[in-house]
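So the chains spell out like this:
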Amino acid sequence: MPDEELAREVQELRKALEELRESFALVSQLAQAYLRLINLYAQYGSLGIEVAVPEVTDPISREIVRILFDLKRANVSQIARELKGRRGKASRNTVRAKLAELKEMGIVVEIPGERGKCYALSKRVVKKWLEIIGIPIKLDRTNDYRGG
């Protein structure tokens, strides 16, 4: 009996040690990601999604990228409404034109929505952002982002 009890305790200790190793690995990953974020902030002065798409230079397009990052997906009217709230003014025609440019650049993708077309950031952009900040999320397991 004492040998069985000792073997069980050793097994429990092994399991606890393995859980500690996994926890330490996660904490180590998080610490590296945190340091990466500090370096990004020091380099760019901000930590917004625009760091992943430096080719977007015009302020309205940058704000549309931020809006789509916040909302995940939206139609032209939703984007225009949000843009108006953030910038004070916005027109659906301007939003459509900027979305067309962003789509051509591969930053935004058009997806079917409940009431017509919606727009979302491309998987490429979201994946690049997640790589920059060091978060290992597999986008294949989510329907939030689609396309390139």
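The protein is annotated in an unreviewed UniProt entry as Transcription regulator, putative, ArsR family from Thermococcus gammatolerans.

## Examining the packing of helix H2 (residues 59-71) against helix H4 (residues 92-104)
Running from N to C, H2 and H4 point in directions that differ by 80°, and their axes come no closer than 10 Å. Relative to H4, the element H2 lies roughly perpendicular. Packed against H2, whose contacting residues are Ile60, Ser61, Ile64, Val65 and Leu68, the element H4 presents Thr94, Val95, Lys98, Leu99, Glu101 and Leu102 at the interface. Of the residues contributing to the contact of H2 with H4, the split by class is seven nonpolar, two polar and two charged.

## Quick look at the pairing of strand E2 (residues 108-113)
As defined by bridge partners, E2 adjoins strand E3 (residues 116-121) across six bridges and the pair is classed as antiparallel. Residue pairing in the sheet places Val108 in a bridge with Leu121 of E3.

## Focus on the pairing of E3
Alignment of strand E1 (residues 73-74) against E3, held across two bridges, turns out to be antiparallel. Within E3, the residue paired with Arg73 across the bridge is Ala120. Between E2 and E3, which follow one another and run antiparallel, lie two residues.

## Focus on the nonpolar core
Ranked by size, the top nonpolar core spans 28 residues in total, and within it Leu68, Ile79, Leu99 and Ile107 carry the most contacts. For this core, the elements supplying multiple residues, two or more each, are H2, helix H3 (76-87), H4, E3 and helix H5 (123-133). For this core, the element with the highest residue contribution is H5, accounting for six residues. Those residues in contact with Ile79, other than ones at most four positions away along the chain, are Ile64, Ile67, Leu68, Ala74, Val95, Leu99 and Tyr119.

## Section: the UniProt feature "coiled-coil region" (unreviewed entry) in the protein
What UniProt calls "coiled-coil region" (unreviewed entry) maps, in this numbering, to residues 3-30. Measuring from the first to the last C-alpha atom of residues 3-30 gives 41 Å, for a span that is 100% helix and 0% strand.

## Regarding the sheet that holds E3
Here we have three strands laid out as an open sheet, ordered E1-E3-E2, and antiparallel in their pairing. The open sheet has two edge strands, E1 and E2, and neither has a second partner. Each of E1, E2 and E3 touches H2; the most contacted strand, E3, lies at about 95° to it.

## Regarding unusual backbone geometry
Trans is the prevailing form of peptide bonds, just as negative phi is the prevailing case for residues other than glycine. Even without being glycine, Lys72 reaches a positive phi, approximately 75°. With respect to the helices, strands and loops of the structure, Lys72 is situated in the loop between H2 and E1.

Rules of the game
Residues numbered from 1 in each chain as written. Predicted model: local features only at pLDDT ≥ 70, side-chain atom pairs only at ≥ 80, totals over all residues. Heavy atoms only, no water. Axes fitted to C-alpha atoms, helices over the stretch in contact; angles between N-to-C directions. Helix = DSSP H or I, 4+ residues; strand = E, 2+ residues; numbered from the N terminus. Parallel < 35°, antiparallel > 145°, perpendicular 65-115°, else oblique. Contact = heavy atoms within 4.5 Å. Nonpolar A, V, L, I, M, F, W, Y, C, P; charged D, E, K, R; others polar. Pairing = 2+ DSSP bridges. Core = buried A, V, L, I, M, F, W, Y, C linked by side-chain atoms within 4.5 Å. Buried < 20%, exposed > 50% of the residue type's maximum accessible area, 1.4 Å probe, protein only. UniProt positions renumbered as here; feature names shortened; annotations may be inferred.

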